[in-house]
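# Notes for the structure review
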Amino acid sequence: MADTKNTTFYQLEQGYTITKLDTRDCMFIFRDNNHEVVAVIEGCRQNLTYINPYKGRYLSFREKSILQRFIRSAHFQINTEVADILGLSIIHFYDGREEYLNKSELQQQIADKLNCVSLYVSCLEINKLKIPSSSKCGSLNLSNAKIKKIVIEPNSSIHLDLRDNKDIESLRIGENFNGSVNLSRSTVESIILGDNCRCDLSISESKRCFNLIIADIYSGNLNVKDSCFYAIKIGYYCYAAISLVQNFGKRNIEIGDSFRGSLSLDDVSVDALNLGKDCRGKINIVSHDIEHGSKAIRIDNDFGGILDLRNATGIERIDVGRYARGNINLLGNHGIKVARFDKYFNGYADFSNSSVEYVSADYGSSGDFVFNDCENLVLLELPRYKKSNIITEQKPIEISGDSRNLYYRYREKYLPYSYFSPFYKKVYHSLKEVFS
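Keep in mind that what you see is a predicted model, and the values were worked out from it rather than measured.

### Topic: the overall build of the protein
Helix and strand counts for the protein stand at four helices and 39 strands. The C-alpha atoms of the protein give 31 Å as radius of gyration, which overshoots the globular expectation for 436 residues (22 Å, by more than 25%). Here the C-alpha coordinates of the protein stretch approximately 105 × 40 × 30 Å along the principal axes. A buried classification covers 50% of the 436 residues belonging to the protein. Across the protein, contacts joining residues at least 24 apart in sequence account for 18% of those joining residues at least 6 apart. Per element, the accessible surface of the protein, about 20100 Å² overall, is 46% carbon and sulfur.

This is the structure in structure tokens:
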């Protein structure tokens, strides 16, 4: 480096130079060995903020390498824009130090455990990236990396940023992961999380449809918005907060046994939501018209949670398994047509002011059913020796029964066979003849 009265001059290798006019304190001129301008570099106080190739020129690999070495030797600092242009990655250490890595140095750094470092990755091209097991308290920004598959090995604790990545196809996260992942506006197609993961996972405006499979004992926050998925499947004993907003699903949403978290679906178009056994979580579903939202909900045995379907206009049918004791709210729902409760229902179901047409409860049911202002109710099927508490101001126009059940008919309308299970289709066919 040399100083004159009005100019700071840097003599680089292979005849390249950088000059800085003191009258233009925040601008550097990068010249080649023929003294021709290669690029204008913006920056102040040892911080470079932008590199603008001069008049349509582009930086060659040699020129990028020269600038990389200059930045290091002169102890300049750069931002992510400059790093992208030069193909450098930025690593921040827990003690405040900052270093810049070329491609080979970056790969070596990633091959080691990422312990308490923040790493911004620029211009890395690799088919598969493996994050070593037990990487701790680090963050990894891979938005501009050209990577198809990422594997995070077990027992890692990092924050992964893949926003706007146009190359990522697959993400595999090993068991006991603790951290966060942002895949918004990416091209990911497959996401798999192992057992016992605590992960804040965010996906919005996905560029492709994806499969999301999460294994057992998942916690954290799952947020999916304005995206397309093939299927979402979550395993046993999930106690995460799950929010799905304005998504399109090509297959069902599957939630495993012993769900203990919260699930919110807002205008999520999917054929069905399936909840496993012993669900004690809180489920809230909103759909603003019949074209959006889940069409059916299937709940396995021992349901003890809260199911709020007051604003789920898209819901047409719910099926609840045995020994259910939870709270189901369909107050004012004008999409629901069918609700079937298996044996020993002992919960609370409010259908007031809804459009429900057929409700059945099997043997041993002793729960509460509310049917105030249910003008569309056609048939109520209850065990012959019923213990349920039925609240309604309507009087049936006809009552019939068999050895198992009593049938309360409220309107002169015959329901489609699809409302009934195979066993009851035969029964209902005979009842239709009786009512005729």
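### A look at the pattern of salt bridges
All told, the structure shown has 18 salt bridges when counted by the stated rule. Ionic pairing is found between Arg185 and Asp164, a salt bridge with its closest N-O pair at 2.7 Å. Here the residue Arg185 occupies a position in the loop between β16 (178–182) and β17 (190–193), and Asp164 occupies one in the loop between β14 (158–161) and β15 (170–173), the gap between them amounting to 21 residues. Among the residues examined, Arg185 registers a relative accessible area of 25% and is labelled partly exposed. For the salt bridge of Arg404 with Asp362, the shortest nitrogen-to-oxygen distance reads 3.1 Å.

### Remarks on a nonpolar patch on the surface
A surface patch of nonpolar side chains, amounting to about 370 Å² of accessible area, comprises Ile217, Tyr236, Tyr237 and Tyr239. When you line up the elements, Tyr237 lands in the loop between β21 (228–234) and β22 (241–245).

### Things to note about unusual backbone geometry
One non-glycine residue, Asn196, lies in positive phi territory at about 55°. Among the secondary structure elements, Asn196 is positioned in the loop between β17 and β18 (198–204). Phi at Gln246 takes a positive value of approximately 50°, unusual for a residue other than glycine. Assignment of secondary structure puts Gln246 in the loop between β22 and β23 (248–249).

### Observations regarding the layout of surface pockets
Over the atoms rolls a probe the size of a water molecule, and its path tells where empty space is left. In this model, the largest pocket occupies a volume close to 290 Å³. Lining the largest pocket, in full, are Phe61, Lys64, Ser65, Gln68, Arg69, Arg72, Leu86, Gly87, Asn102, Lys103, Ser104 and Cys123. Among the elements that make up the lining of the largest pocket, the one with the highest residue count is helix α1 (residues 61–73) (six residues). Each residue belonging to the lining of the largest pocket can be placed in one class, and the counts come to three nonpolar, five polar and four charged. For the second largest pocket, the calculated volume is near 200 Å³.

### A word on the confidence of the model for the protein
Here the protein averages 89 in pLDDT, while 93% of its residues score no lower than 70. Counted against residues more than four places away or in other chains, residues 423–429, with its pLDDT under 50, gives 20 contacts.

### Some words on the nonpolar core
In terms of nonpolar packing, the biggest core is built from 89 residues, with Leu142, Ile191, Leu201, Ile253, Phe341 and Phe351 touching the most fellow members. In contact with Ile191, other than residues within four places in its own chain, are Leu171, Arg172, Leu183, Leu201, Ile203, Phe210, Asn211, Leu212 and Ile213. By size, the runner-up hydrophobic cluster in this structure holds 25 residues, among which are Tyr10, Tyr16, Ile18 and Leu67.

### Quick notes on the state of the cysteines
Applying the stated criterion to the full structure yields two disulfides. Residue pairing for Cys26: its cysteine sulfur links by disulfide to Cys44, the two sulfurs lying 1.4 Å apart. With the S-S bond torsion at 130°, the cross-link from Cys26 to Cys44 turns out right-handed. Linking Cys26 in the loop between β3 (17–21) and β4 (27–31) with Cys44 in strand β5 (residues 37–44), this pair joins segments that are 18 residues apart in sequence.

### A short note on α1
For α1, which comprises 13 residues, the first-to-last C-alpha distance of 18 Å matches the rise-based estimate of 18 Å (1.5 Å per residue) to within 8%. Listing the buried residues of α1 in full gives Glu63, Ser65, Ile66, Leu67, Gln68, Phe70 and Ile71. Directly beyond the C-terminal end of α1, a positive phi value near 60° is found at His75.

### Points about the packing of aromatic side chains
The relation between two aromatic rings is expressed through the spacing of the ring centres and the mutual angle of the planes. Applying the stated rule across the entire model yields 16 aromatic pairs. For the ring pair Tyr10 and Phe70, a centre distance of 5.2 Å and an interplane angle of 75° mean the geometry is edge-to-face. A residue pair is termed long-range when its members are at least 10 positions apart, and Tyr10 in strand β2 (residues 7–11) and Phe70 in helix α1 qualify at 60 residues. Side by side, Tyr10 and Phe70 carry an identical accessibility label, which is buried. Taken together through their ring pairs, the aromatic side chains of Phe341, Phe345, Phe351, Phe369 and Phe371 make up a single cluster.

### Details of helix α3 (residues 103–111)
Among the residues making up α3, those that are buried are Leu106, Gln109 and Ile110. Taken end-on, α3 shows its buried residues confined to a sector of 95°, consistent with a single buried face. Buried residues belonging to α3 abut β8 (89–93), β9 (98–101), β10 (117–120) and β11 (125–131).

### Digging into the pairing of β22
Consecutive side chains along a regular strand alternate between the two faces of the sheet. As judged from the five bridges shared by strand β20 (residues 221–225) and β22, these two strands associate in the parallel manner. Note that in β22 the partner of Val224 across the bridge is Leu244. Bridge count between β22 and strand β25 (residues 262–266): five bridges; the pairing is parallel. In the sheet register, Ile242 faces β25, and the bridge partner there is Leu263.

Calculation rules
Residues numbered from 1 in each chain as written. Predicted model: local features only at pLDDT ≥ 70, side-chain atom pairs only at ≥ 80, totals over all residues. Heavy atoms only, no water. Helix = DSSP H or I, 4+ residues; strand = E, 2+ residues; numbered from the N terminus. Rg over C-alpha atoms; globule rule 2.2 N^0.38 Å. Buried < 20%, exposed > 50% of the residue type's maximum accessible area, 1.4 Å probe, protein only. Contact = heavy atoms within 4.5 Å. Areas by Shrake-Rupley, 256 points an atom, 1.4 Å probe, with all protein chains shown as cover. Salt bridge = Lys/Arg side-chain N within 4 Å of Asp/Glu carboxyl O. Patch = residues over 30% accessible without salt bridge, like charges linked within 9 Å, V, L, I, M, F, W, Y side chains within 5 Å. 1 Å grid on protein atoms, 1.4 Å probe; cavity = no way out; pocket = protein on both sides within 12 Å on 5 of 7 lines; lining within 4 Å. Points joined across faces, edges and corners; volume = space filled by probe spheres on them. Nonpolar A, V, L, I, M, F, W, Y, C, P; charged D, E, K, R; others polar. pLDDT = per-residue confidence, 0-100. Core = buried A, V, L, I, M, F, W, Y, C linked by side-chain atoms within 4.5 Å. Disulfide = S-S within 2.5 Å. Expected span 1.5 Å × (residues − 1). Phe/Tyr/Trp six-rings, centres within 6.5 Å; stacked < 30°, edge-to-face > 60°. Arc of directions from axis to C-beta. Pairing = 2+ DSSP bridges.

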